[in-house]
Amino acid sequence: MVRYLSAALLAASLFWLAGCGSSGVSFNGKDITGLMPDLAFSLKGEGGETVTQDRYQDEAVVLFFGYTHCPDFCPTTLTALAQALNKLSDEERERLRVLFVSVDPERDTPELLAKYTAYFSPRVDGLTGDQEALRELTKRYRTTYSYEEPDKNGNYLVNHGLAMYGFDRHGKVRLFMRNDQPVEEIAEDLRALVSIQ
């Protein structure tokens, strides 16, 4: 757990020190309207194709960094997001997409990402990229990741941030959610996110 703490504290402190944004709606998480860049990326999708933010026009997006071999935080966070999605109406759910960006491209092939995300929700898309693309994207959203030394079997842990970033249907950043928010609060935040015109 300690390996996640510094990145999480760094991201959280940046937002709390930056002051409040104003999205026009009320969030349980932190309103970060205008405090970070718009949604922009070029990554590899679950079919091996190039995917950019343009695929998600007219959809609100929750961006979350992790990896499929994560033993704790990633499956817990994706489970909470899936449960929160299930609390939305069909119409609300269809206007929202969760982007799970793997920072472990060596192991997380498009095929593995597709199987992994399908376990949680059809509204979760797995994405990854080369190191240059991932470093650029994590820097853009003020987070980071690093790799621990492999064990004798070649297995290794990846240190990564725990924040979930919410973007409205125009790609504008709006919301910073912690991974320990209760499911009901996450659902309320997702509902508010998709309501932004």
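So, how was this worked out
Residues numbered from 1 in each chain as written. Predicted model: local features only at pLDDT ≥ 70, side-chain atom pairs only at ≥ 80, totals over all residues. Heavy atoms only, no water. Helix = DSSP H or I, 4+ residues; strand = E, 2+ residues; numbered from the N terminus. Buried < 20%, exposed > 50% of the residue type's maximum accessible area, 1.4 Å probe, protein only. Contact = heavy atoms within 4.5 Å. Areas by Shrake-Rupley, 256 points an atom, 1.4 Å probe, with all protein chains shown as cover. Pairing = 2+ DSSP bridges.

Draft legend 1. Looking closely at the overall build of the chain. If you tally the helices and strands in the chain, you get six helices and ten strands. Taken over 197 residues, the chain has a buried fraction of 53%. Across the chain, contacts joining residues at least 24 apart in sequence account for 71% of those joining residues at least 6 apart. A total accessible area of about 9,300 Å² is found for the chain, and carbon and sulfur atoms account for 51% of it.

Draft legend 2. Region of the structure containing the pairing of strand E4 (residues 60-66). Counting buried positions over the seven residues of E4 gives seven, a clear majority of the element. The two faces of E4 match: Ala60, Val62, Phe64 and Gly66 on one face and Val61, Leu63 and Phe65 on the other face are all buried. In this sheet, strand E5 (residues 96-102) lies alongside E4 in parallel orientation, the contact comprising seven bridges. Across the sheet, valine 61 pairs through a bridge with arginine 97, a residue of E5. Pairing analysis gives four bridges linking E4 to strand E9 (residues 164-167), with the strands arranged antiparallel.

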